[in-house]
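So the chains spell out like this:
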There are 2 protein chains.
Amino acid sequence: MQNKMVIKSAVREAGNDPIFKVSGMAKKRIAEIGKENVINATLGALMDDDGNLVAFDSVYSVFDNLDRTEYASYAGIAGTPDFLENVVYACFKHQKPDAHIRAVATPGGTGAVRHAIRNYADTDDYVLIPDWHWAPYETIANENGRKVKAFPLFSDDGGFNLEGYFGAFDNLLDEQKRVLSIINSPAHNPTGYSLSDGEWEAIKAHYIEKANENPDYRIILLCDIAYIDFAGHGESARDFMNILTGMPENVLVLYAFSASKGYTMYGLRNGAILCAAPTEAIADEFAASCAYSNRGTWSNGTHAAMTTLSQIIADDTLRAAFEAEQEKYRDILQARAKAFLDAAKTADLEICPYVDGFFISIPCENTEAVRDELITKDFFIVALKHGLRFAPCAVSEAQCRIAPEMIKAAIEKVNG
Amino acid sequence: MQNKMVIKSAVREAGNDPIFKVSGMAKKRIAEIGKENVINATLGALMDDDGNLVAFDSVYSVFDNLDRTEYASYAGIAGTPDFLENVVYACFKHQKPDAHIRAVATPGGTGAVRHAIRNYADTDDYVLIPDWHWAPYETIANENGRKVKAFPLFSDDGGFNLEGYFGAFDNLLDEQKRVLSIINSPAHNPTGYSLSDGEWEAIKAHYIEKANENPDYRIILLCDIAYIDFAGHGESARDFMNILTGMPENVLVLYAFSASKGYTMYGLRNGAILCAAPTEAIADEFAASCAYSNRGTWSNGTHAAMTTLSQIIADDTLRAAFEAEQEKYRDILQARAKAFLDAAKTADLEICPYVDGFFISIPCENTEAVRDELITKDFFIVALKHGLRFAPCAVSEAQCRIAPEMIKAAIEKVNG
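Worth saying up front: this structure is predicted, and the values here are computed from it rather than measured. (Residues numbered from 1 in each chain as written. Chains lettered and ligands numbered in written order. Predicted model: local features only at pLDDT ≥ 70, side-chain atom pairs only at ≥ 80, totals over all residues. Heavy atoms only, no water.)

J.: Looking at this structure, I do not really get the environment of glycine 76 of chain A. What am I missing?
T.: Considering the arrangement of structural elements, one finds glycine 76 of chain A in the loop between α3 (68–72) and α4 (81–92). Of the residues examined, glycine 76 of chain A reaches a relative accessible area of 14% and is grouped as buried. For glycine 76 of chain A and cysteine 393 of chain A, which are 317 residues apart along the polypeptide, the C-alpha to C-alpha distance reads 34 Å. Residues within four places of glycine 76 of chain A in sequence aside, it is in contact with Asn300 of chain A together with Phe20 of chain B. (Helix = DSSP H or I, 4+ residues; strand = E, 2+ residues; numbered from the N terminus. Buried < 20%, exposed > 50% of the residue type's maximum accessible area, 1.4 Å probe, protein only. Contact = heavy atoms within 4.5 Å.)

Printed below as a string of structure tokens:
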């Protein structure tokens, strides 16, 4: 495409996000035939069994009662001091790594990914991501003058493909001397995979080996934990955070924390980027770069959202009520996912290895044709490059139970 | 400074924003001796005469009563359809240019400036800004791999320095073939200057002349109108919007709209970038690039803030109440500024040409030393490179009346 007034690298195709487009079709169909007759498994937001967005009462009862100046006033560039303190617990809970921790507020996890890419990957360099990935990683990289390189996420036995990862990692490290690797775990979008502690141990060992090979290498891991509060039971989903410490000084672990899902604050744009740095100097460098990035991008974040999260975390009663409400919905989500997995087994439907989270992926060919076939059955699902994305976060357990058979039939009809 | 883990271009000095730092000192002093004994003229937010942040009742009575799903749910990448329609009125009111208008939501005016710089200035190119300017323009340019070049804002007779502007503009156009020029008017930060209609006419004539010289030239003007709703009386502050139309197709006018000041939504992060484009194709290109930029930077904006602005603008009663409240505070601000200007004349204090807005600038040498001298008198003010910035938005009319004499005395004491 030729540019008219924008610069060449800013020419973009118009058109809606395909997810929002299919979701719009689903909403239209619901208006026509009623929501009990439509499966809308497109959107990545937690819905109750009636298809209404869940907004935690334990969050909004705090938000609703803030002083008006909390909504109106600026939060300060890096975030309010209260938020920067309390988001550390929100991120790590009782698995806070023995490292130099800093936080800088960002608008959701997206902003954290943006800052990691801007500050830790060189211009025109490749950022390492899995082949199954959240599509905006590539958008964020492109928008900020970087590229992405994909490694195969899964091995043949359904685990994390350590060999494929290390191969791609080593190539990039050799070429670039610096690798920013983004791993979305636990509860990976779009597959629901969570790396095991053993897989994290293997990754750590590889980082240590490579880091020691050449002190000029720079290894940066961004853990995208957007869905962590819907993974595991109790604190188990955070065990890996303590594994990822004690590495050489040329390895840095960052966390993209999002309040979107865990606090049902999607539209309030609240999150943070955190570092668990090996030295104070590296943590200071992180904080200065990311605060500058805030000033040079969106200035500051949503004040009232920061205050709400801070008040919830800092108050034992509020936090207990919040964690109980979160657990209630985590249980609902896990029950829905189990219903889908059980029915998939019965229907002999192949799915990507799922552990936890908002999404389950079904590998298949001709994904758009399969999606369109399902739409004729009033079943709305997202077509990815390598498969379909089903969102148990958005549909009832009863619908999760009937979905696999419908998907299986559609795949067979389209692909023979 | 040497980089440790970040890339070279991301190494930043730590340290608080100097404005927030001096403001923090002022707050501490207020706690010690009472607010009636301290002048805190540092922060760019509208305060009542008691030093409390103004949060418009006409805005927050709407915001407070939204359904919880409006706070919780995503707004969509480019902004909600309602917002994108109603922000056009919020920006242009009854001076909507005869052009192809589009809007994309951004977090405040900062986000709009960011998108303009990313999409309309080439990497490593210079963006044209005045010597007296809002410091973050440079931060935003640097963060996004661009630089800034300054032209002299004022001529000797106290008007806009057309000659200086055209000289700098022509040089950049010659070198880069493309110029993005940011003009913050009316009610310029930090001086309060507003370009006259005649000055805008002269700029338009110059753009037309240069654009016709070479069809490959690209001229982009970003009008930063962050303070427009506190400028002029009635609609006069928007007259220039209709002047800036009817130019060749290689001239594009953009607007950075902010809801921070005009709607007292500072901490809600709401704003938009708008184009008044000569052709539909250029408007389409703008919308696609800026929506992609949203996706690749902060994803989407604060939903409830968009809904609040939309509801106010779309409802005649709500809008009338809002505009009346805005006018009441505009009158208060203008009375404070007049008190300062009158007292400055009496004290023979030189100030930059002021017309409207949150700030008045006092040109002087050794600005930090003068600021520190004033701090000893419990008077807190911002030291810029070429002068001091006084914020009538933040102090009472009575304090505006005594401030100029104190400033004059401090300058004489420091500079002799």
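J.: I tried to follow the relation of the copies chain A and chain B on my own but got confused; where do I start?
T.: The second copy of the chain is related to the first by a rotation about an axis and a shift along the axis. When chain A is fitted to chain B, the residual RMSD is 0.0 Å, and the transformation amounts to a turn of 180 degrees plus an axial shift of 0.0 Å. Between the two chains, the operation in question is that of a two-fold axis. Here 100% of the interface residues in chain A have copies in chain B that are interface residues too; the copies meet face to matching face. (Least-squares fit on C-alpha atoms with pLDDT ≥ 70 in both.)

J.: Quick question: what am I supposed to make of the packing of aromatic side chains here?
T.: We describe a pair of aromatic rings using the distance from one ring centre to the other and the angle between the two ring planes. Applying the stated rule across the entire model yields 53 aromatic pairs over all chains. With centroids separated by 5.3 Å and ring planes inclined at 90 degrees, the aromatic side chains of phenylalanine 154 of chain A and tyrosine 193 of chain A adopt a geometry described as edge-to-face. Here the residue phenylalanine 154 of chain A occupies a position in the loop between β4 (147–151) and α7 (162–176), and tyrosine 193 of chain A occupies one in the loop between β5 (178–184) and α8 (197–213), the gap between them amounting to 39 residues. Using a relative accessible area of 16% as the deciding quantity, one classes phenylalanine 154 of chain A as buried. With a centroid separation of 5.0 Å and an interplanar angle of 15 degrees, the aromatic rings of tryptophan 200 of chain A and phenylalanine 240 of chain A are classed as stacked. Of the two residues, tryptophan 200 of chain A is situated in helix α8 and phenylalanine 240 of chain A in helix α9 (residues 240–243); the sequence distance between them amounts to 40 residues. On the basis of relative accessibility, which here comes to 3%, the residue phenylalanine 240 of chain A falls in the buried class. Connected via pairs of aromatic rings, a cluster forms that spans Tyr60, Phe63 and Tyr71 of chain A together with Tyr60, Phe63 and Tyr71 of chain B. Sitting over the face of the ring of tyrosine 126 of chain A, lysine 149 of chain A holds its NZ or CZ atom 4.1 Å from the ring centroid. (Phe/Tyr/Trp six-rings, centres within 6.5 Å; stacked < 30°, edge-to-face > 60°. Lys NZ or Arg CZ within 6 Å of the ring centre and 35° of its normal.)

J.: Please clarify how the side chain of threonine 367 of chain A should be interpreted in this entry.
T.: All names here are of chain A. Tracing the chain through its elements places threonine 367 in helix α13 (residues 367–375). Overall, threonine 367 belongs to the buried group, its relative accessible area being 7%. A polar atom in the side chain of threonine 367 sits 2.6 Å from the backbone oxygen of leucine 384. Dropping the residues within four chain positions of it, threonine 367 is found in contact with Ala383, Leu384, Lys385, His386, Gly387 and Leu388. (Polar contact = N/O pair within 3.5 Å; in protein donor to acceptor, adjacent residues only side chain to side chain.)

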